[in-house]
Amino acid sequence: MKISYNWLKQYINIDTDPVELEKILTAIGLEVEGIETFESIKGGLKGLITGEVLTCSKHPNADKLSVTTVNVGQGEPLPIVCGAPNVAAGQKVIVATVGTTLYSGDDSFEIKKAKIRGEVSQGMICAEDEIGIGDSHAGIMVLDATTKPGTPASEIFNVETDTVFEIGLTPNRVDSSSHIGVARDLVAYFKQQQNIELEKPSVDKFNTEDTSLPISVTIENPESCNRYTGVSISGVTIKPSPEWLQNRLKAIGLNPINNIVDITNFVLHETGQPLHAFDAEEIAGKSIIAKKLVEGTKFTTLDEEEHTLSSEDLMICDGDKPVAMGGVFGGLNSGVTEKTTNIFLESAYFDPVSVRKTAKRHGISTDSSFRFERGVDPDGTLYALKRAALLMKELGGGQISSEIIDIHPVKTENFIVDISYKNIARLIGKELGQDTIKNILIALEMKILEETSAELKVEVPAYRVDVQREADIVEDILRIYGYNNIEFSEELHTSLTYSKKPEKTKLTVKISDFLASKGFNEIMSNSLSKASYYESLETLNNEKTVKIFNPLSSDLNAMRQTLLFGGLEAIKYNLNRQQQNIRLFEFGNCYQKIKNEADKQINKYKEKEYLGLFLAGIKNPLQWNNSEEQYTFYTLKSYAEELLKKLNVFFKIKIEDVEAELFDYALGYSANNKSILVIGKVNSDILSQFDIDEDVFYADFEWSTIFSMLKNEQVKFVSLPKFPEVKRDFALLIDENVTFAQIKELAYKTDKKLIKDVQLFDLYKGDKIEKGKKSYGIGFTLQDESKTLTDKQIDKVMNNLKRIFEIELGATLR
């Protein structure tokens, strides 16, 4: 949300420096995320001054150029070559001096000293479009003859400079979603040091001039619209807004449209109350009805998008048709156009839940729906209506042509809250004093209904939807008093705690640090995902998808079942930005529905934590001293296995090929008959859905399962071996379908005591061995921790291995 400093000062008499005001706003709960400077004319006309053309003659080397001398009120007259046909001696003009930057749209250029066809030029005499105050380029601007040379152009054209605060408004603070709302909070803050009041523009001059344009209003669904006010204005002229109004809107990032639409936007950002101006001539039957229509009714909004209505959508209708979605968006033919002369102005209070559901259902988000969803001031509709009507009368030349309609079937009551001084001191940690507390409450426009020495009964205005409990009021008192004004205690209170080992948080940090040291970057994807990701999958199908009842959007309508799709979104984002070396990891929970096999009904949900590793792109980019190297399956396998070793679970792992729907090919790792990891190349069809042309390798760790295994592990310490290792190797000729995992498993079964390690160091397939065979080079590490091995012991182990490999695998030595 953007707040203009100049605009803000219309409601509160302050001259606080914007930098200091930024600190104050943040301190009272309106966090300023950024500050920018607004200038009503881009560049602020810096470097542009007025000048008087002293002489003007034809350029000796160009028919369409003139050579002039211009007095700019300082030093010697400037020689300037000018191409405008209307330049003449005696004129008062706008001059861009050397070093000035001129803007044209998003482009800019700097005025430099130059020679044009042999003549020196030390500046530029400007046309309207060249300085951004008009569109004309027919010739240079000629100013009033009384203009004094050397006057800054910013003074001539009244350039407005403003400071704009970007406030990160939290959802509960809709009361401050306007300039008056922010000013109201600032008044409460400054009132603790000085006598200051909120100065709202008066609407006392509002009066009905005739009743020639009556519009009737009916509310059929008061639960969705508990207040509707409206008034007619006739004889308006649609034209551009005055400069001051355009500058207010431009400062906060809005584009001016016309005087009527600009007024509704202005009052919205002034008061926080959304308004809608209907073309009164388009209202059939001269009646407005707030009601819900039958399911499936078609409605086209102002942006020309057609929507299919729900029976729960509150619509604003005329005698024939719907003309607006209540609190969300206007209809295509109901708005103000250049031909509009008569207006019906709406200012209403719509139920936040109803507006939120309609906006989400149709994927629409507007300034109006943003505020109605969070709860606007039900008592502010009438003020905003009068304020806008008076401005339309002033700037549009119209007159008030009906009595104010104010239908209020459901009264919104203020909140009544009991608070005690004891609880205030307990929650804040300091005794503020009863007078200070009462002064802050009054400054926040809260009424003290009853008072005792220990307690207060406080009436909170209905617009403060976030203040309904004692703790909420204490929070308000503290933010106005100042968090920084609460002193630190000189006492330190602590307690000793015991946590079971391993600690999950510490272990997660340890693994994160390990992966970061390997060049991985951590990502945090949204737990909400697209349900469409799972529609075509069998293992992660729609029946298992946990869907959201009221999704924020179609992209966030289900809980994720896997970390894969969030990782692929991150990979696509990086690849699209020319990032080729992608190593990512993520810890996160995944969710599934679980069926009861007896009755086939969903009766519970499963939530498990996973760790995902992702590799994509180029491992080593092409350089003069090495060739380009792509990531492979084995690159990720090495990282994953090193991680398992770090967790001290790799020694008990069983590895086998698995068929997994998410992968083209994959290896599965299990321990104690539980799957703990699947590594593979991501399915090509899935990658094509994300428009990813690179191979992506993904490791899916079941972190919850791994952690449960670690809980039961006891840390064991052994001394370093005193006796040397012995290494031997075999060149085994085996069938192609025999895996290294089988060989490794057999080796450990043969001699669990002496065989410490088994490694595959060579693989050969070719014409030097028979078809259907392959040759493995297998290395064995042997060691006895109690004595040095003898040749006889070593030979016995190797002979046993040879015999077992021959019997079990049909292997022979080469």
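Residues numbered from 1 in each chain as written. Predicted model: local features only at pLDDT ≥ 70, side-chain atom pairs only at ≥ 80, totals over all residues. Heavy atoms only, no water.

> What is the right way to look at the overall build of the protein chain in this model?
Across its full length, the protein chain carries 20 helices and 41 strands. The C-alpha atoms of the protein chain give 38 Å as radius of gyration, which overshoots the globular expectation for 814 residues (28 Å, by more than 25%). Expressed as lengths along the three principal axes of its C-alpha atoms, the size of the protein chain is roughly 115 × 90 × 65 Å. Long-range contacts, defined as pairs at least 24 residues apart, comprise 69% of the intrachain contacts of the protein chain with a sequence gap of at least 6. Of the accessible surface of the protein chain, which amounts to about 42,400 Å², a share of 47% is contributed by carbon and sulfur atoms. With 95 positive and 121 negative side-chain charges, the protein chain shows a spacing of 9 Å between the two charge centroids. (Helix = DSSP H or I, 4+ residues; strand = E, 2+ residues; numbered from the N terminus. Rg over C-alpha atoms; globule rule 2.2 N^0.38 Å. Contact = heavy atoms within 4.5 Å. Areas by Shrake-Rupley, 256 points an atom, 1.4 Å probe, with all protein chains shown as cover. Lys, Arg positive; Asp, Glu negative; His and termini not counted. Charge placed at Lys NZ, Arg CZ, Asp CG, Glu CD.)

> Whenever I open this one, the pattern of salt bridges confuses me. Can you help?
Any two side chains of opposite charge can pair, so long as their charged atoms come close to each other. Scanning all chains against the criterion turns up 40 salt bridges. Residue Arg464 pairs with Asp466 through a salt bridge whose shortest N-O separation is 3.0 Å. Residue Arg464 shares its accessibility class with Asp466, and that shared class is buried. Note that Glu725 and Lys727 form a salt bridge whose closest N and O atoms lie 3.8 Å from each other. Taking relative accessible area as the criterion, Lys727 reaches 56% and is therefore assigned exposed. Overlapping salt bridges bring together Arg173, Asp175, Asp185, Arg464, Asp466, Asp476 and Arg479 as one network. (Salt bridge = Lys/Arg side-chain N within 4 Å of Asp/Glu carboxyl O. Buried < 20%, exposed > 50% of the residue type's maximum accessible area, 1.4 Å probe, protein only.)

> How should I be thinking about the sheet that holds strand β2 (residues 32–39) in this particular structure?
In any sheet, the strands associate via hydrogen bonds between backbone groups, in a parallel or an antiparallel arrangement. Reading across the sheet, the three strands line up as β1-β12-β2 and stay open at both edges, with antiparallel pairing between neighbours. Unpaired on one side and paired on the other, β1 (2–4) and β2 mark the two borders of the sheet. On average, adjacent strands in this sheet sit at an angle of 25 degrees to one another, irrespective of strand direction. Where β2 meets strand β12 (residues 161–167), seven bridges bridge the pair, whose relative direction is antiparallel. (Pairing = 2+ DSSP bridges. Axes fitted to C-alpha atoms, helices over the stretch in contact; angles between N-to-C directions.)

> So what exactly am I meant to see when it comes to the pairing of strand β34 (residues 654–658) here?
Both β34 and strand β35 (residues 663–671) contribute to a ladder of five bridges, which runs antiparallel. Considered in β35, the bridge of Val658 is made with Ala666. The hairpin turn running from β34 into β35, its antiparallel successor, is four residues long.

> Just to check I follow, could you spell out the environment of Thr337 for this structure?
Mapped onto the secondary structure, Thr337 falls in the loop between β21 (329–330) and β22 (343–350). Residue Thr337 is classed as partly exposed on the basis of its relative accessible area of 39%. The spacing of Thr337 and Asn626 is 289 residues in sequence and 67 Å in space, taken between C-alpha atoms.

> Just checking my understanding: could you explain the packing of helix α19 (residues 740–750) against helix α20 (residues 791–809) for this structure?
Any two packed helices are characterised by how steeply their axes cross, that is the angle between the axes, and by the distance between the axes. Direction vectors running N to C along α19 and α20 enclose 130 degrees, while the axes themselves pass 10 Å from each other. Taken together, α19 and α20 sit at an angle that is classed as oblique. The element α19 and its partner α20 pack so that their crossing is right-handed. Across the interface between the two elements, Gln742, Ile743, Leu746, Ala747 and Thr750 of α19 pack against Asn800, Leu801, Ile804, Phe805, Glu808 and Leu809 of α20. For the contact of α19 with α20, the residue count by class is seven nonpolar, three polar and one charged. (Parallel < 35°, antiparallel > 145°, perpendicular 65-115°, else oblique. Left-handed = near helix turned anticlockwise from the far one by under 90°. Nonpolar A, V, L, I, M, F, W, Y, C, P; charged D, E, K, R; others polar.)

> Would you explain the state of the cysteines in this entry?
Two cysteines, two sulfur atoms, one covalent bond between them: this is a disulfide. As enumerated under the stated definition, the model contains zero disulfides in all. Free of any disulfide, Cys82 has its nearest neighbouring cysteine sulfur in Cys56, separated by 7.4 Å. No disulfide involves Cys317; its nearest neighbouring cysteine sulfur is the one of Cys225, lying 12 Å away. (Disulfide = S-S within 2.5 Å.)

> Looking at this structure, how should I read the side chain of Ser4?
Inspection of the secondary structure puts Ser4 in strand β1. A distance of 3.5 Å separates a polar atom in the side chain of Ser4 from the backbone nitrogen of Asn6. (Polar contact = N/O pair within 3.5 Å; in protein donor to acceptor, adjacent residues only side chain to side chain.)

> Sorry if this is basic, but what is going on with the sheet that holds strand β39 (residues 755–764) here?
A sheet is described by the order of its strands in space; here four strands give the open sequence β39-β40-β38-β41, paired in antiparallel fashion. Two strands close off the open sheet at either side, each with one partner strand: β39 and β41 (812–813). Inspection of the sheet shows strand β38 (residues 726–735) paired to β41 by two bridges, in the antiparallel sense. Paired with Leu733 across the two strands is Thr812, which belongs to β41. In the packing of α19 onto the sheet, the strands contacted are β38, β39 and β40 (773–782), and the crossing angle to β39 comes to about 150 degrees. Of the strands in this sheet, β38, β39, β40 and β41 are in contact with α20, which crosses β38 at around 15 degrees.

> Could you clarify how one ought to interpret the packing of aromatic side chains in this entry?
How two aromatic rings sit relative to each other is given by the distance of their centres and the angle of their planes. Taken as a whole and assessed by the stated rule, the structure comprises 19 aromatic pairs. Their ring planes at 20 degrees and their centres at 4.7 Å tell us that Tyr533 and Phe565 sit as a pair that is stacked. Here Tyr533 is found in the loop between β29 (528–529) and β30 (558–559), whereas its partner Phe565 is found in helix α15 (residues 564–575), with 32 residues between them in sequence. Its relative accessible area of 9% is what places Tyr533 among the buried residues. Geometrically, the ring pair formed by Phe780 and Phe805 is stacked, given 6.4 Å between the ring centres and 25 degrees between the ring planes. (Phe/Tyr/Trp six-rings, centres within 6.5 Å; stacked < 30°, edge-to-face > 60°.)

> Is there a simple way to explain helix α11 (residues 421–428) in this structure?
An α-helical segment advances 3.6 residues per turn. Residues three or four places apart therefore align on the same side. When we look at burial in α11, the residues that qualify are Tyr421, Ile424, Ala425 and Ile428. Seen from one end, α11 has its buried residues packed into an arc of 95 degrees, which puts them on one side. Exposed and facing more than 90 degrees away from the buried side of α11 are Lys422 and Arg426. Along its buried surface, α11 packs onto β25 (415–420), α12 (434–443), β26 (447–451), β27 (455–460) and α13 (470–481). Where α11 terminates, the next one or two residues include Gly429, which has phi positive at roughly 90 degrees. (Arc of directions from axis to C-beta.)

> Which parts of the structure should I look at to understand the environment of Pro724?
By the element assignment, Pro724 lies in the loop between α18 (703–711) and β38. Dropping the residues within four chain positions of it, Pro724 is found in contact with Leu782, Gln783 and Thr788.

> Please clarify how helix α6 (residues 243–251) should be interpreted in this entry.
Turning to α6, its buried residues are Leu245, Gln246, Asn247, Arg248, Leu249 and Ala251. On its buried face, α6 sits against β1, α1 (5–8), β2, β12, α7 (259–271) and α10 (381–396). Gly253 sits one or two residues past α6 and shows a positive phi near 90 degrees.

> Mind showing me how you'd approach the side chain of Arg387 here?
Looking at the element boundaries, Arg387 is found in helix α10. By relative accessible area, which is 14% here, Arg387 ends up buried. Ignoring any residue separated from it by four or fewer positions in sequence, one finds Arg387 in contact with Pro201, Val203, Phe266, Val267 and Glu270.

> Looking at this structure, I do not really get unusual backbone geometry. What am I missing?
Glycine aside, negative phi is the norm for most residues, and most peptide bonds take the trans geometry. One non-glycine residue, Glu304, adopts positive backbone phi at about 70 degrees. Along the chain, Glu304 falls in the loop between β17 (298–300) and β18 (306–308). Even without being glycine, Asn672 reaches a positive phi, approximately 55 degrees.

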